[in-house]
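Observations on chain architecture
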Amino acid sequence: MFAGAPQYLVSGLTQGAAYGLIGLGFTMIFNTTGIINFAQGEFVMLGGMLSVCLLGVGLPLPLAIVLACLATAAIGGLMERLAIRPIAGAPAINAVIITIGVSILLRGGAMLAFGKDTHALPAFSGTAPILALGAAIQPQSLWVLAVTLALLAALKLFFTATIQGKAMLACSCQKKAASLVGISVARMALLSFAISGLIGATAGAILAPITMTAYDVGMMLGLKGFAACILGGLGNPFGAAAGGLVLGVLESFGAGYIASGYKDAFAFVVLLLLLFVRPSGLFGKAGVERV
Amino acid sequence: MKLPVLGQNAAQAALFLLLLLALPYTLPNEYYLSICILGALNAVIAVGLNLLMGYAGQVSLGHAAFYGLGAYATAIATSRFGLPIPAGMAIGVSLATVVAWIVAAPTLKLKGHYLAMATLGFGIIVSIVFNEAVDATGGPSGYVGIPRLALFGYEFTSDHSYYNLMAVVLTFVVLLSLNLMKSRTGRALRALHVSEKAAASLGVDIAAHKRFVFVLSAALAGLAGVLYAHYLSFIAPASFGFGFSVQLVVMVVLGGMASVWGSVAGALFLTALPEALREFEDIDILVYGAILVLTIMFLPDGLAGGLSRLTRRLRRKAGAS
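Residues numbered from 1 in each chain as written. Chains lettered and ligands numbered in written order. Predicted model: local features only at pLDDT ≥ 70, side-chain atom pairs only at ≥ 80, totals over all residues. Heavy atoms only, no water.

Quick notes on the UniProt feature "transmembrane region" (unreviewed entry) in chain A
Residue and element names in this part refer to chain A. Applied cut-off: UniProt positions are given in the numbering used here, feature names are shortened, and annotations may be inferred rather than shown by experiment. Every helix listed is a DSSP run of H or I at least four residues long, and every strand listed is a run of E at least two residues long, numbered separately from the N terminus.
Residues annotated in UniProt with the feature "transmembrane region" (unreviewed entry) correspond here to residues 16-38, 50-75, 87-106, 118-137, 143-163, 184-208 and 265-284. The span residues 87-106 shows a helical share of 75% and a strand share of 0%, and its end C-alpha atoms are spaced 20 Å apart. End C-alpha to end C-alpha, residues 184-208 measures 36 Å, and it is 96% helix and 0% strand.

Below is the structure:
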């Protein structure tokens, strides 16, 4: 009955860590701008595809990944500058539709630039599985978990120890008050899009050796990331990471024990049930109004 | 003297119907007619979704599910169980309605992004079931052999006859929506959009009104699904996925929120656009994305809002000269 459990747990945590990172990207942008960025999944796709492409032109793997992540961060910043800032003050739904349009542009651009084939990155440190507690752990899984933890720690440091990070927190708390004390809300929005691009692309690059990547993987990954940050309570970065882990593990166990075809459905079923009983998410403030 | 409200709408609707019926005679060939049929189908859903989104202010990112439920229900009822087509259609619309009624209560308690996520999740679950329940739905490869529409002994064999039917259905849906929004219920819906607390304090039953408009818009999506299935004789889950739900929302926003005519325009525009972009071949998707972004950037109140701003400006200019 519990034969596969450790294995499912490991693969669930790996996948979940990636969802958490994607959710973190949503949270960054939501906190400073109040926008749900539907192009977040495309950042993830770009991280994977650009790494594959740069590796293909002969760069060493670490350099390829770093450059891919920086390029995606630049694309995130450009997106804010060219598409989001000009419509400041418009209803939120318009901004969301702009992000959908940008995601279509990025997906189409990736299809033209990289083709429709599925690609994989080589695993960072070999593929010889590590046997522990009845599970065969891919070294790449450890990379995913380690990078996720490192990014979380870096963000924590960024928010508590740097002036930019504190300014961003101030924006998420009260935009008007933040601008009154001299914080440039527009620059914080730009920064949040760039950091989201960076985080999303990192998730894409570390996941690419395990789940492969292609020009159209962004949508489902983006949706899972959105689900992760709703699960954790929208606006709470560490909730998003935790939500991602919960989502990944549920999905993995559902696929293992019930039916693999419905893998993508389990996460959403659980999410709906949670929203119905606790509408503010697992770790959200219980301030969401109910009718 | 002003005409009574209902009479006003009836005149508008009659003019609209005449325009729709005349349209095929201006088209160069049958191919355009099939796009018009799909445009009208999408318009039926968009007008319904606009009642929910534009007027009552509740976002749904899962409306493709109701479209699909209607389509699959009538497909299975008529071709597998051999039921007559009107019965299949009734089953399709009822299924969409009943499912909407069930999911409405817990879902519509949520607000903002949480509501968007819940409807999105619901839509994805339904589309996964269409894909995975292979025995019932044919799975990803689709469901074939759905009978072409025949009602009261008349078979809609030609595209032109089907188009005329769609023109009548769409006009009816538009008239229904226009009248609904000028009724007491419509005013209550608009009130709860502005402030639920204020509306409740004036005696509007918020939960009941939200549920009513959600179920109505789902029933219209189900109706469109039923008509879609009997038009194409073939359906596949790809038509009812998250992508289409998003497209529906874009139709409503691009057309102009809280405007029935705007939703019709948004639906027709977004249905025709990919066809018009065919000549760009590989870069059509880029052009599509760019048009979407630019339209929202430069027409923040949608096509309807842009048009009314333009006419206002022209009128002012005419008044000045």
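Details of the environment of Tyr262 of chain A
Stated formally: Contacts were defined at the residue level, with two residues in contact if any of their heavy atoms lie within 4.5 Å.
Take Tyr262 of chain A: it is sitting in the loop between helix H10 (237-257) and helix H11 (263-277). A sequence separation of 59 residues divides Tyr262 of chain A from Ala203 of chain A, and the C-alpha atoms of the two residues are 24 Å apart. When neighbours within four sequence positions are excluded, Tyr262 of chain A is seen to be in contact with Ile128, Val129, Glu132 and Ala133 of chain B.

Focus: the UniProt feature "transmembrane region" (unreviewed entry) in chain B
Taking the UniProt record as the reference, the feature "transmembrane region" (unreviewed entry) is found at residues 32-52, 64-83, 89-108, 115-134, 162-181, 212-236, 248-273 and 285-307 of chain B. Between the C-alpha atoms that bound residues 212-236 of chain B there is a distance of 29 Å. The span itself is 84% helix and 8% strand.

Some remarks on the pattern of salt bridges
Should their charged atoms come close, side chains of opposite charge can pair. Short version of the rule: Whenever Lys or Arg places a side-chain nitrogen within 4 Å of a carboxyl oxygen from Asp or Glu, that contact is recorded as a salt bridge. When accessible area is computed with a 1.4 Å probe and restricted to protein chains, residues below 20% of their type maximum are described as buried, those above 50% as exposed, and intermediate ones as partly exposed.
Evaluated as defined, the whole model comprises 11 salt bridges over all chains. The closest approach of N and O atoms between Arg148 of chain B and Asp159 of chain B, which form a salt bridge, is 3.2 Å. Taken together, the residues span a long stretch of sequence, with Arg148 of chain B in the loop between strand E1 (143-144) and strand E2 (150-151) and Asp159 of chain B in helix H7 (residues 159-182) at a distance of 11 residues. Residue classification places Arg148 of chain B among the partly exposed residues on the basis of a relative accessible area of 23%. As a salt-bridge pair, Arg278 of chain B and Glu275 of chain B come within 3.3 Å of each other at their nearest N and O atoms. When salt bridges that share partners are traced, they join Lys224, Glu251, Lys263 and Asp264 of chain A into one network.

Re helix H2 (residues 40-56) of chain A
An α-helical segment advances 3.6 residues per turn. Residues three or four places apart therefore align on the same side. Defined as follows: Here, expected helix span is obtained from the residue count minus one, scaled by 1.5 Å.
Look at H2 of chain A: 25 Å from first C-alpha to last across 17 residues, which is about the 24 Å you get at 1.5 Å a residue. Burial runs high along H2 of chain A: 13 of the 17 residues are buried.

Re the interface of chain B and chain A
Short version of the rule: Here's the idea: put two parts together, see how much 1.4 Å probe accessible area each one loses, and the total over both is what we call buried area. Side-chain atoms alone can form a polar contact between residues adjacent in sequence; in general such a contact is a pair of N or O atoms within 3.5 Å, and within protein one must be able to donate a hydrogen while the other accepts it. For this classification, Asp, Glu, Lys and Arg are treated as charged, while Ala, Val, Leu, Ile, Met, Phe, Trp, Tyr, Cys and Pro are nonpolar and the rest, including Gly, are polar.
Taken together, the contacts link 44 residues of chain B with 46 residues of chain A. Summed over both sides, the interface of chain B with chain A buries roughly 3800 Å², with 82% coming from carbon and sulfur. Broken down residue by residue, the surface that chain B buries against chain A is led by His113, Tyr114 and Met117 of chain B, which jointly contribute 20%. At the surface where chain B touches chain A, the tally comes to 0 salt bridges. Summed over the shared surface of chain B and chain A, the number is 2 residue pairs in polar contact (both at pLDDT 80 or more). Among the secondary structure elements, those contributing two or more residues to the side of chain B that touches chain A are helix H4 (85-107), helix H5 (112-132), helix H9 (196-201), helix H10 (206-232), helix H11 (242-255) and helix H13 (284-298) of chain B. Per-element accounting of the side of chain B that touches chain A gives the leading share, 12 residues, to H5 of chain B. A breakdown of the residues in the side of chain B that touches chain A according to their chemical character gives 33 nonpolar, 4 polar and 7 charged.

Considering the nonpolar core
The following threshold applies: Nonpolar cores are built from buried Ala, Val, Leu, Ile, Met, Phe, Trp, Tyr and Cys residues. Side-chain atoms within 4.5 Å join them into one set.
Core analysis: the biggest nonpolar cluster contains 185 residues, and Phe38 of chain A together with Phe66, Leu120 and Ile235 of chain B have the highest contact counts within it. Among the elements that take part in this core, helix H2 (residues 30-55) of chain B stands out by supplying 15 residues, more than any other. Once residues within four sequence positions are removed from consideration, Phe66 of chain B is found in contact with Ala96, Val99, Ala100, Val103, Phe122, Phe214, Ala218, Ala221 and Gly222 of chain B.

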